[in-house]
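Architecture and fold: a report
Single-letter residue listing:
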Amino acid sequence: MSGKKAKNIFVEGPISAGFIGESIAKHQSKTDIGAHAIFLGQVRADEQGGRTVSHIDYTAYEEMAMQKVHGIREEAFAAHPLTCMHIYHSLGTVRAGEISLFVFVSSPHRDAAFTALREIVEMIKADVPIWGKEMFDESEGTWKVNQ
Amino acid sequence: MKEKDTDIQLVAFGMIAELLGGQEKQWPLTRDTDQLKAELIAAFPELKDLPFVVAVNMEVVQNNQPIAPGAQVALLPPYSGG
């Protein structure tokens, strides 16, 4: 790991549309950017055995997760001409229809932004120690597994 | 006996934390990760059927790895972030 302190990516509860909007607005001063690509992960109301998921409870091995995200950042910046990158993930309760993952990459041109975004989201799913337990209002939950 | 120097700090997540009855546990120092897994399965037989990997000081162990006193050993079920 490099000497730089890993940035905190965690947000308590859902990521609001306002927060996402403000993040976009903050980039108006960065006029070398020509393309933003954004991924938003939203909690699905999956059906399981006649029950419907009402919310997901997220927990994380926070220190390791931040280290992993730091590594993903360095890898993405090394591989693509990105201007900036922001990653946020929820902890705690996120209800169906709310946002739990926000990945935001910016680049002078769209190719790098689209490609990097896809790669970053896949790496987050595979390598970052975060767990979601799908909950049902009326009964006990089950642990999700990434596909 | 001083706890901190001779024990392993065990941290567990997801369904493993539920099985162990908490996210953090002190565990007596064991030689390596294979021995730790055997001890854990002896104490919590249901662990045998759960998929998980072990990380020592936040590095996922590929095969078997020695454990130093005071190491942080994490039990990580399949990730499901996003």
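About the cut-offs
Residues numbered from 1 in each chain as written. Chains lettered and ligands numbered in written order. Predicted model: local features only at pLDDT ≥ 70, side-chain atom pairs only at ≥ 80, totals over all residues. Heavy atoms only, no water. Helix = DSSP H or I, 4+ residues; strand = E, 2+ residues; numbered from the N terminus. Rg over C-alpha atoms; globule rule 2.2 N^0.38 Å. Buried < 20%, exposed > 50% of the residue type's maximum accessible area, 1.4 Å probe, protein only. Contact = heavy atoms within 4.5 Å. Areas by Shrake-Rupley, 256 points an atom, 1.4 Å probe, with all protein chains shown as cover. Lys, Arg positive; Asp, Glu negative; His and termini not counted. Charge placed at Lys NZ, Arg CZ, Asp CG, Glu CD. Buried area = accessible area lost by both parts, 1.4 Å probe. Salt bridge = Lys/Arg side-chain N within 4 Å of Asp/Glu carboxyl O. Polar contact = N/O pair within 3.5 Å; in protein donor to acceptor, adjacent residues only side chain to side chain. Nonpolar A, V, L, I, M, F, W, Y, C, P; charged D, E, K, R; others polar. Pairing = 2+ DSSP bridges. Axes fitted to C-alpha atoms, helices over the stretch in contact; angles between N-to-C directions.

A look at the overall build of chain A
A count of helical and extended segments in chain A gives three helices and nine strands. The C-alpha radius of gyration computed for chain A amounts to 16 Å, which stays within 12% of the reference 15 Å derived for 147 residues, consistent with globular compactness. Projected onto its principal axes, the C-alpha positions of chain A cover 50 × 30 × 25 Å. A buried classification covers 46% of the 147 residues belonging to chain A. Considering only residue pairs separated by 6 or more positions, chain A has 77% of its internal contacts joining residues 24 or more positions apart. With an accessible surface of roughly 7,700 Å², chain A has 51% of that area assigned to carbon and sulfur atoms. Across chain A, 15 positive and 19 negative side-chain charges occur, with their mean positions spaced 4 Å apart.

Quick look at the interface of chain B and chain A
Of the residues lining the interface, 17 residues belong to chain B; the matching set on chain A comes to 22 residues. Between chain B and chain A the total buried area reaches about 1,800 Å² when both faces are included, carbon and sulfur atoms providing 58% of it. If you sort the residues of chain B by the area they bury against chain A, Met58(B), Tyr79(B) and Gly82(B) come out on top, with a joint share of 41%. Inspection of the chain B/chain A interface yields one salt bridge. Linking Glu18(B) and Lys133(A) is a salt bridge whose minimum nitrogen-to-oxygen distance equals 2.6 Å. Counting the contacts that link chain B with chain A gives 14 residue pairs in polar contact (both at pLDDT 80 or more). Of all the elements in the fold, those that place two or more residues in the side of chain B that touches chain A are helix H2 (14–20) and strand E5 (72–76) of chain B. Of the residues that constitute the side of chain B that touches chain A, the class distribution is eleven nonpolar, five polar and one charged.

As for the pairing of strand E5 (residues 55–60) of chain A
Residues and elements named next belong to chain A. The sheet contact formed by E5 and strand E6 (residues 84–95) spans four bridges and is antiparallel. Residue Ile56 lies in a different strand from E6, and its bridge partner there is Val94. Two strands pair when backbone bridges link them, and E5 and strand E8 (residues 130–136) are joined in this way by six bridges, in the antiparallel orientation. Each residue of the ladder has a partner; that of Asp57, found in E8, is Lys133.

What to know about the pattern of salt bridges
Residues and elements named next belong to chain A. Tallied over the full model, the rule gives five salt bridges over all chains. The partner of Arg44 in a salt bridge is Asp46, with the nearest N and O atoms 2.9 Å apart. Using a relative accessible area of 56% as the deciding quantity, one classes Arg44 as exposed. The residue Arg95 makes a salt bridge to Asp137 at a minimum N-O spacing of 3.5 Å. With a gap of 42 residues between them, Arg95 in strand E6 and Asp137 in the loop between E8 and strand E9 (139–143) connect regions that are remote in the sequence. According to the relative accessible area criterion, Arg95 is partly exposed, its value standing at 37%. When its relative accessible area of 56% is taken as the criterion, Asp137 is described as exposed.

Regarding the sheet that holds E5(B)
Residues and elements named next belong to chain B. Pairing within the open sheet is mixed, and its five strands lie in the order E2-E1-E5-E3-E4. Of all strands in the sheet, those with a lone pairing partner are strand E2 (24–28) and strand E4 (59–60), marking the two edges. Here two bridges tie strand E3 (residues 53–56) to E4, and the two strands are oriented antiparallel to one another. Bridge assignment links Val56 to a residue of E4, and that residue is Glu59. The sheet contacts of helix H3 (residues 33–43) involve strand E1 (7–12), E2, E3 and E5, and relative to E2 the element is tilted by about 110 degrees.

In short, shape yes, function no, at least from these values alone.
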